[in-house]
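# Coordinate inspection notes
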Amino acid sequence: MTLTPPLLLALTLCLTGAEAAVDLRTAAAMAAGLCKTRPTDLVFIVDSSRSVRPSEFEQVKVFLAKVIEGLDVGPNATRVGVVNYASRVKNEVSLKTHRTKAGLIKAVTKVEPLSTGTMTGLAIQFALNVAFSESEGARVKSPDISKVAIIVTDGRPQDNVKDVAQRARDAGIEIFAIGVGRVDMSTLKQMASEPLDEHVDYVESYSVIEKLTKKFQEAFCVSDLCATGDHDCQQVCVSSPGSYKCACKEGFTLTDDGRSCSACSNSATDVVFLIDGSKSVRPENFELVKKWINQIVDKLDVSDNKAHVGLVQYSSLVRQEFPLGRHNNKKDLKEAVKKMAYMERGTMTGQALRYLTDKSFSMGHGARPGVSKVGIVFTDGRSQDYIGDAAKKAKEMGFKMYAVGVGNAVEDELKEIASEPTGEHYFYTADFKAMTQIAKKLQINICHEEDPCECDSLVKFQKKIEEALQALTKKIENMSKRIALLENKIV
């Protein structure tokens, strides 16, 4: 697919004005041939009821156009239809109508709002009966052709959606539900395909709906994931069509998580998470934090003899959720993390660090003697107490400290908590949703140091072998010279 930058810019400016922003990274990946969209019959089902103001409907059209821009449009690739609905339903663009991207985008810009009620169930039924019919350009059901509907709505439907959405899903249509503003979230969940966390999206207003563009461009993209860098392999990525697997460099072994590599085969580690549960985090972000913890747990070799994990939450107070050694398999450990209740108070990070040094890594709280200790501190804001002494003590006690900050976290505080080199032990992102990338980067590879006595012995033994080899080499050289002299005498 050839993507001309001037044409891309012109189309975007035409749709959105000077403030438009194209997801250039995804576009560049497609232009470089690193990803192509799988053959799909895609129908947008767009709410244009009276609650959607004309300016907001224009923003919806920009979103549609940007998603279309990232598709391989064509009769044998992706076909796109648009269903517009309010109290009635209008088939604005059929799957068979436009065979080119430019034609599709032009058609989208001409769609006008209907500005009446909100009959979402009627719109889904229309899509099932008409928009996805062969007479309107849909292809015969096949494992090679995806059927996808993207519903955009900002209100509560005036009819039933649960049953008709189930019929659409049973017919093989994958449904994404996007809710805006005061939308009814339970209705979105009734419409969307499983898993819901991948098929239900919410934005506060139409002005930010464009931020979902990249998600849907990637949803339709079959990439060389290794080439695009969109993988979480620690060392080596091996491509396969639309997928990948991880491998390790020589001298390393792939761990049980299938992504990380370790040069340490039998190292035991005590890991304690110190999690900020202050009110600034907010409940929905606290759920993301729990998922992030479990992403890191997935990378650990959790067992009786290897990694043990403890969890502490803090706000104005400190609460141990569970100590080291209580859950020694990943399933139980991850379930315990999911059950952690949000405290929602202040941010006393210094107090939490003192708890970590005084209690979390003590034998009374499950810590094992002679085992490496790792502390992972997460916070989203400035501490309300002094952290310096406790942060220093943790590192003096030999704990390897990681500091992770989000949003209003203070980077100087994160660096003060983190072990040396700080660049490898502290992480920051402005957005909770970007924490996944931090989980990929944060590698907990602890190797026990060798006994220096054993090292000295090994060095002495190696030196003796080298000296013996040198002596043997000289003997062989002398022997070769004598043989050469004998051969000359014989000749």
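As shown above, the structure is provided for reference.
Residues numbered from 1 in each chain as written. Predicted model: local features only at pLDDT ≥ 70, side-chain atom pairs only at ≥ 80, totals over all residues. Heavy atoms only, no water.

## Some remarks on the state of the cysteines
- Tallied over the entire structure, the rule returns 1 disulfide.
- The partner cysteine of Cys233 in its disulfide is Cys246, sulfur to sulfur 1.9 Å. Every disulfide takes its handedness from the sign of the S-S torsion; for Cys233 and Cys246 that torsion is -80 degrees, giving left-handed. Of this pair, Cys233 sits in the loop between α10 (225-228) and β9 (236-240) while Cys246 sits in strand β10 (residues 243-247), placing them 13 residues apart in sequence.
- Its relative accessible area of 10% is what places Cys233 among the buried residues.
- We classify Cys246 as buried; its relative accessible area is 11%. (Disulfide = S-S within 2.5 Å. Helix = DSSP H or I, 4+ residues; strand = E, 2+ residues; numbered from the N terminus. Buried < 20%, exposed > 50% of the residue type's maximum accessible area, 1.4 Å probe, protein only.)

## Section: helix α11 (residues 283-298)
- The end-to-end C-alpha distance of α11 is 23 Å, a good match for the 22 Å that 16 residues give at a rise of 1.5 Å each.
- For α11, the complete set of buried residues consists of Asn285, Phe286, Val289, Lys290, Trp292, Ile293, Asn294, Ile296 and Val297.
- Of the surrounding elements, those touching the buried residues of α11 are β13 (269-276), β14 (307-314), α12 (330-338), β16 (372-379), β17 (400-406) and α17 (435-441). (Expected span 1.5 Å × (residues − 1). Contact = heavy atoms within 4.5 Å.)

## Digging into unusual backbone geometry
- Put simply, Glu194 and Pro195 share a cis peptide bond, and its omega is -5 degrees.
- Between Glu420 and Pro421 the backbone carries a cis peptide bond, its omega angle lying at -10 degrees.
- With respect to the helices and strands, the residue Pro421 is situated in the loop between α15 (411-417) and α16 (422-425).
- Positive phi values are uncommon outside glycine, yet Ser115 reaches one of about 55 degrees.
- Within the secondary structure layout, Ser115 lies in the loop between α4 (101-109) and α5 (120-131).
- In this model, Arg282 sits at a positive phi of 75 degrees, which is unusual for a non-glycine residue.
- In this fold, Arg282 is placed in the loop between β13 and α11.

## With respect to the pattern of salt bridges
- Tallied over the entire structure, the rule returns 22 salt bridges.
- In this structure, Glu56 and Arg53 form a salt bridge, with 3.1 Å as the shortest nitrogen-oxygen distance.
- The exposure class of Glu56 is buried, given its relative accessible area of 13%.
- Arg354 serves as the salt-bridge partner of Asp385, at 3.8 Å between the closest nitrogen and oxygen. One end of the pair, Asp385, is in the loop between β16 and α14 (388-396); the other, Arg354, is in helix α13 (residues 349-360), and 31 residues separate them in sequence.
- The buried category is assigned to Asp385, whose relative accessible area is 17%.
- By sharing partners, the salt bridges in this structure join Asp41, Arg139 and Lys147 into a single network. (Salt bridge = Lys/Arg side-chain N within 4 Å of Asp/Glu carboxyl O.)

## Concerning the sheet that holds strand β15 (residues 318-322)
- Strand order in the open sheet formed by 6 strands is β15-β14-β13-β16-β17-β18, and the pairing between neighbours is mixed. Each edge of the open sheet is held by one strand with a lone partner, namely β15 and β18 (426-429). Direction aside, neighbouring strands of the sheet carry axes that sit 15 degrees apart on average.
- The strands touched by α11 within the sheet are β13, β14, β16 and β17, with β13 carrying the most contacts at an inclination of about 170 degrees. (Pairing = 2+ DSSP bridges. Axes fitted to C-alpha atoms, helices over the stretch in contact; angles between N-to-C directions.)

## Digging into the packing of aromatic side chains
- Applying the stated criterion to the full structure yields 7 aromatic pairs.
- Between Phe273 and Trp292, the ring centres sit 6.4 Å apart and the planes meet at 80 degrees, which makes this aromatic pair edge-to-face. One end of the pair, Phe273, is in strand β13; the other, Trp292, is in helix α11, and 19 residues separate them in sequence.
- For Phe273, a relative accessible area of 0% corresponds to the buried category.
- Here the aromatic rings of Phe286 and Tyr342 are separated by 4.9 Å at their centres, their planes lie at 25 degrees, and the arrangement is stacked. One end of the pair, Phe286, is in helix α11; the other, Tyr342, is in the loop between α12 and α13, and 56 residues separate them in sequence.
- Phe286 sits in the buried class, given a relative accessible area of 1%. (Phe/Tyr/Trp six-rings, centres within 6.5 Å; stacked < 30°, edge-to-face > 60°.)

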